[in-house]
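Chain residues, written in single-letter form:
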Amino acid sequence: MSRIILLDENTANRIAAGEVVERPASAAKELVENALDAGATRITVRMEDGGRALLSVADNGYGMTRDEAVLALQRHATSKIRTAEDLFRITTLGFRGEALPSIASVSRLILSTRAEGAETGVRIEVTGGTIVADDEVSMAFGTVVEVHDLFYNTPARLKFMRSPNAEASRTGDLVAPLALAYPNVAFRILAGQREMLRTSGQGDMLAAIAALWTPEIGQRLIPVHDGAGSLYVSGYVGPPDVSRPGRSHQLVFVNGRAIRSRTVTHALEEAFRSLSPEGRFPVAVLFIAVDNEQVDVNVHPTKSEVRFTRDSDIHHAVSTAVKAGLLKSGIVSQLGSGAMRTGFSGDWLKAERYTGDPGATAQAELRFPVADASALGGSDRDPFAVGQSDTSSSSNGDATGPAKPYADQLRSFRVLGQARNTYIVAATADGLAIIDQHVAHERVLYERLTEKRFGAGIPSQQLAVPWNLALERREAVIVGDNLDQFARAGWDIAPFGKEAFIVRAVPTALRSRNAEAILRDTIDELVNQSVSRRLLVERDVVTITNACKMAVKAGDPLTVPEMESLLEQLADTENPWLCPHGRPIVVTIPFASLDRQFKRS
């Protein structure tokens, strides 16, 4: 007797079902995709007991004749492709012809369908993959698939099922994103009597996003679109302040198909790398339109993974589109009414006229400029030397460079004064702007350090008398491993013993500041980050930390010319909205909000 046998069709179907139908959610996704391929404009998904007792998908698509319906219940019967060559130019969501027979083999399935032009429909009952009834039925055009007692004949599969609520939620996670890819289709998802999702089908993408997530997210999203020819990226991304601790709010579609792609995810998050705080992930809905011959969807039975013939092109297109959308929009935090009441509570606006007396400066909560600029004092120092003395770009920007609409707004800010020696207060056309002087200067320094780092490096000032830097073991390891990064940041540091170093040069910008204290603070911060996260220090962390420690601090008094100079330099940066750590630089208070607070509206 041969040890190799040909499996019967029923067993083969159950094996296929194990790959295609993992749980009610995957069955629902397959059936909804079939409905979309059938041209449906209304799709209703109903579940009982999380989809285990009943999963129903009804659509108003073009339906099937009796012969087509019977054939559709056979494995590898499909209307989507004709030859093997068609696998390389798939334009539909389904194409394998496995979903319906796979689901039918592990359930009690009822398929009711009526084709366009037919006088009646057909109702076919299937139990465990075997047709047990075939009758005519009166119904509207379209198809209704009812899946009863899913996995009734494969009890081992039931052991892996979760609670009804968890299974229903998983179904929503897989099916609801299709409402975004097809905003012209009205979707409704019901779990028992609870409506999980309803969209109008009026083609409003943002309305569909608001229905899927929340109206608050939908209102904050920024449109992105970029590309040409056979590759185009469009969609929406959320500003950094609506980021999430995980990737739960990231959806990617390729030619209308919801997919997972490390290439796209990396490109998206790389575009946000300098905008979003570490450990946070962007909210995004991205649509990639690419020539069908440039993408392979025949990778996995669930069709959720794809391969691109040119990953680098996809990565570049996504990253470029997202960056361009963010930079064009102008990301500025706006103080809401509740936060305003907190911000203006107590004696925050203790206004005292600044006369240039250092003693008076320390006590003044809000400094206003006086008529004579020379009365401001302290003009011989320049805390913003980095970028003025070692950058080739002028404070007015490069007229031939890319458009920076928000930069123009920054240049129109009129400095009113300094609050708590920490915040720059400026008047805008629409209200007031509060600028955190430390994070603003940190952004300026970071971008210039980065620019120089990839060029010839930061200019250095040789020390007349080098100084010794004695460190503890962890500090010495961090410095020793990152000597080249410190060099690019303008430091000349060399080993000088077991856990000691000699410093021969410091960044030119620190020539009038306590360079040793700044260096030690930088090293301490790098050690803290390395120990707390148990990670190697990356080169960007060295640059960010250098920028942070070199920047003007909260509590440092600034003259009006210095504040104006800082805003000019901030306007020249690529990202004037957030510091490298992801903190906002500017918060605006619209006059409309002030009017409401003072009951002028």
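It should be noted that the structure appears before, not after, this text.
For clarity, every value in this text was computed on a predicted model and none was experimentally measured.

Undergrad: Explanation requested: the sheet that holds strand S4 (residues 121-127) in the structure shown.
TA: Within a beta sheet, neighbouring strands are joined by backbone hydrogen bonds and run either parallel or antiparallel to one another. Read across the sheet, eight strands follow the order S5-S4-S3-S6-S2-S1-S7-S8 without closing on themselves; strand pairing throughout is mixed. Two strands close off the open sheet at either side, each with one partner strand: strand S5 (130-137) and strand S8 (194-198). Averaged over neighbouring strand pairs, the angle between their axes works out to 10° when direction is ignored. Pairing of strand S7 (residues 186-191) with S8 involves four bridges; the strand directions are antiparallel. Residue leucine 190 lies in a different strand from S8, and its bridge partner there is glutamate 195. Taken strand by strand, helix H2 (residues 24-37) contacts strand S1 (42-48), strand S2 (54-59), strand S6 (142-148) and S7, and its axis lies near 10° from that of S2.

Undergrad: Would you mind showing me how to read the packing of H2 against helix H6 (residues 164-175) here?
TA: In a packed pair of helices, the relevant descriptors are the angle between the two axes and the axis-to-axis distance. Direction vectors running N to C along H2 and H6 enclose 35°, while the axes themselves pass 8 Å from each other. Once H2 is placed against H6, the crossing between them reads as right-handed. Facing H2, whose interface residues are Pro24, Ala25, Ser26, Ala28, Lys29 and Val32, H6 presents Glu167, Arg170, Thr171, Leu174 and Val175. Its residues assigned to classes, the contact of H2 with H6 shows six nonpolar, two polar and three charged.

Undergrad: Would you mind going over the nonpolar core with me for this structure?
TA: Generally speaking, a soluble globular protein has its nonpolar side chains buried in company with each other. Among the nonpolar cores identified, the biggest contains 41 residues, and Val32, Ile43, Leu109 and Phe187 are the most heavily contacted of them. Among the elements that take part in this core, H2 stands out by supplying six residues, more than any other. When sequence neighbours within four positions are dropped, the list of residues in contact with phenylalanine 187 reads Val32, Leu36, Ile43, Leu178, Ala179, Tyr182, Leu197, Arg198 and Thr199. Membership of the second largest hydrophobic core comes to 29 residues, among which are Leu445, Ile493, Val503 and Ala547.

Undergrad: It is not clear to me how helix H20 (residues 560-571) should be interpreted in this structure. Could you clarify?
TA: Every α-helix carries 3.6 residues per turn, so stepping three or four residues along brings you back to the same face. Here H20 spans 17 Å end to end across twelve residues, near enough to the 16 Å set by a 1.5 Å rise per residue. A large share of H20 lies buried, amounting to nine of its twelve residues. Looking at H20, one finds that the buried residues are Val560, Glu562, Met563, Ser565, Leu566, Leu567, Gln569, Leu570 and Ala571.

Undergrad: I would appreciate a short explanation of the pattern of salt bridges in the present structure.
TA: Counting across every chain of the model gives 16 salt bridges. For the salt bridge of aspartate 313 with arginine 310, the shortest nitrogen-to-oxygen distance reads 2.5 Å. In this structure aspartate 313 comes out as partly exposed when scored by relative accessible area, which is 30%. A salt bridge links arginine 411 to aspartate 572; the shortest N-O distance between them is 2.5 Å. Remark: aspartate 572 occurs in the loop between H20 and strand S24 (586-590) and arginine 411 occurs in helix H14 (residues 405-411); sequence separation between them is 161 residues. For arginine 411, a relative accessible area of 27% translates into the label partly exposed.

Undergrad: Help me understand unusual backbone geometry, please; the structure alone is not making it clear to me.
TA: Residues apart from glycine generally show negative phi values, whereas peptide bonds are mostly found in trans. Residues other than glycine seldom take positive phi values, yet phenylalanine 151 does so here, at roughly 65°. Within the secondary structure, phenylalanine 151 sits in the loop between S6 and helix H5 (155-158).

Undergrad: Help me out: how do you make sense of the environment of leucine 54 in this one?
TA: In this structure, leucine 54 sits in strand S2. Taking the C-alpha atoms as reference points, leucine 54 and serine 107, separated by 53 residues in sequence, lie 9.8 Å from one another.

Undergrad: Explain the packing of aromatic side chains here, please?
TA: What describes a pair of aromatic rings is the distance from one ring centre to the other and the angle between the planes of the rings. On inspection of all chains with the given rule, the structure shows one aromatic pair. Above the face of the phenylalanine 141 ring, arginine 114 is positioned so that its terminal group lies 4.0 Å from the ring centre. In this structure, arginine 157 is placed above the aromatic ring of phenylalanine 151, and the distance from its NZ or CZ to the ring centre is 5.7 Å.

Undergrad: Hey, could you run me through the pairing of strand S13 (residues 284-290) in this one?
TA: Regular strands have side chains that alternate between both faces of the sheet. The buried fraction of S13 is high, at six of seven residues. Pairing of strand S10 (residues 231-237) with S13 involves seven bridges; the strand directions are antiparallel. Counted as the bridge partner of serine 234 is phenylalanine 287 from S13. Judged from the five bridges that link them, strand S11 (residues 250-254) and S13 form a sheet pairing that is parallel. Considered in S13, the bridge of leucine 251 is made with valine 285.

Undergrad: Quick question: what am I supposed to make of the sheet that holds S13 here?
TA: Taken in spatial order, the five strands line up as S9-S10-S13-S11-S12 in an open sheet, and their pairing is mixed. At either end of the open sheet lies a strand with only one pairing partner, and these are strand S9 (222-228) and strand S12 (257-259). The sheet shows a mean angle of 20° between the axes of neighbouring strands, direction not considered. Packed onto the sheet, helix H8 (residues 205-212) meets S10, S11 and S13 and runs at close to 50° relative to S10.

Undergrad: Mind showing me how you'd approach H6 here?
TA: In this model H6 runs 16 Å from its N-terminal to its C-terminal C-alpha over twelve residues, within 8% of the 16 Å that 1.5 Å per residue would give. Within the sequence span of H6, burial applies to Glu167, Ala168, Thr171, Gly172 and Val175. Seen along its axis, H6 keeps its buried residues to an arc of 145°; they face one direction. Those residues of H6 that are buried are in contact with H2, S1, helix H7 (178-181), S7 and S8.

The rules behind each value
- Residues numbered from 1 in each chain as written.
- Predicted model: local features only at pLDDT ≥ 70, side-chain atom pairs only at ≥ 80, totals over all residues.
- Heavy atoms only, no water.
- Pairing = 2+ DSSP bridges.
- Helix = DSSP H or I, 4+ residues; strand = E, 2+ residues; numbered from the N terminus.
- Axes fitted to C-alpha atoms, helices over the stretch in contact; angles between N-to-C directions.
- Contact = heavy atoms within 4.5 Å.
- Left-handed = near helix turned anticlockwise from the far one by under 90°.
- Nonpolar A, V, L, I, M, F, W, Y, C, P; charged D, E, K, R; others polar.
- Core = buried A, V, L, I, M, F, W, Y, C linked by side-chain atoms within 4.5 Å.
- Buried < 20%, exposed > 50% of the residue type's maximum accessible area, 1.4 Å probe, protein only.
- Expected span 1.5 Å × (residues − 1).
- Salt bridge = Lys/Arg side-chain N within 4 Å of Asp/Glu carboxyl O.
- Phe/Tyr/Trp six-rings, centres within 6.5 Å; stacked < 30°, edge-to-face > 60°.
- Lys NZ or Arg CZ within 6 Å of the ring centre and 35° of its normal.
- Arc of directions from axis to C-beta.

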